[in-house]
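Structure assessment
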Amino acid sequence: MKPVWRSVSRAWVWAGLLALAGCAGMPERLAQGTPRNDIEARLGQPTAVLALTDGTQLQYSRQPAGQQVYNLTLDAQGRLRQVDQVMDLAWFHRIGIDTWTHREVQQQFGPPALVERVALFDGDIWTYRFLENGWSRQAHIHLDPAGVVRRVMFTDEPTPDVLDLNP
């Protein structure tokens, strides 16, 4: 019979190794100045690439299942300048009602988790998943038929009911 401490030690070692492996896919842990090749080696191919006037933006979206979208700004030499996790209430409040189009929304937040239509609005509603103070929320961006943002609404994300084990 193996000593209990040995099994516990192995469990901690495995947990530590898994945690370190998980850090490899965490954009917020990249150091400023990291070259694009190293970024893509650690994070994989970005979900979108946007040319900026003074560099490039790499976007890593975890939508539709996840609640994060990371925009990595690279300078003209292709080195990391800034990392922004934009699935945040403050970022959604930056949306220009009646001025932004679907293009600006997609450049800032990436593809939505869900696109739907409702009877009371003529256009698409793009839904993004995000966390606010630990709560799962949704941002609903209403785009008219011309692709202009007309409204942004927020709701709590529906969660499955807890199973009632005592009927």
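This text follows the structure it describes.
Anyway, here's the lowdown on the structure attached to this text. Not measured: the values here are computed from a predicted model.

1. Digging into the environment of R150
In this structure, R150 sits in strand β8 (residues 149-156). For R150, a relative accessible area of 36% corresponds to the partly exposed category. Spatially, the C-alpha atoms of R150 and I97 are 5.5 Å apart, while their sequence positions differ by 53 residues. Residues in contact with R150, not counting those within four places in the same chain, are I97, D98, F121, H142 and D144.

2. Quick notes on the environment of E104
With respect to the element layout, E104 can be found in helix α4 (residues 102-109). Exposure remark for E104: the relative accessible area of 31% places this residue in the partly exposed category. Separated by 44 residues in the primary sequence, E104 and V148 place their C-alpha atoms 9.7 Å from one another. At 2.5 Å, the side chain of E104 forms a polar contact with the side chain of T101.

3. Quick notes on the packing of aromatic side chains
All chains considered together, the criterion is met by 6 aromatic pairs. Here the aromatic rings of F109 and Y128 are separated by 5.8 Å at their centres, their planes lie at 55°, and the arrangement is tilted. On the criterion of sequence distance, the pair formed by F109 in helix α4 and Y128 in strand β6 (residues 121-132) is long-range, its members being 19 residues apart. Accessibility expressed as a relative area gives 0% for F109, which makes it buried. By relative accessible area, Y128 is classed as buried at 0%. An angle of 80° between the planes, with centres 6.1 Å apart, marks the rings of F130 and F154 as edge-to-face. Taken together, the positions of F130 in strand β6 and F154 in strand β8 put the pair 24 residues apart, joining distant regions of the chain. Residue F130 is classed as buried on the basis of its relative accessible area of 0%. An aromatic cluster of at least three residues, connected via ring pairs, comprises F92, F109, Y128, F130 and F154. Between the NZ or CZ atom of R94 and the centre of the ring of W91, over which it lies, the distance is 3.8 Å.

4. Looking at the sheet that holds β8
Strand order in the open sheet formed by 4 strands is β5-β6-β7-β8, with antiparallel pairing between adjacent strands. Each edge of the open sheet carries a strand with a single partner, namely β5 (114-118) and β8. Pairs of neighbouring strands in the sheet enclose a mean axial angle of 30°, with direction left out of account. Relative to β8, strand β7 (residues 135-143) runs antiparallel, the two sharing 7 bridges.

Rules used in this analysis
- Residues numbered from 1 in each chain as written.
- Predicted model: local features only at pLDDT ≥ 70, side-chain atom pairs only at ≥ 80, totals over all residues.
- Heavy atoms only, no water.
- Helix = DSSP H or I, 4+ residues; strand = E, 2+ residues; numbered from the N terminus.
- Buried < 20%, exposed > 50% of the residue type's maximum accessible area, 1.4 Å probe, protein only.
- Contact = heavy atoms within 4.5 Å.
- Polar contact = N/O pair within 3.5 Å; in protein donor to acceptor, adjacent residues only side chain to side chain.
- Phe/Tyr/Trp six-rings, centres within 6.5 Å; stacked < 30°, edge-to-face > 60°.
- Lys NZ or Arg CZ within 6 Å of the ring centre and 35° of its normal.
- Pairing = 2+ DSSP bridges.
- Axes fitted to C-alpha atoms, helices over the stretch in contact; angles between N-to-C directions.

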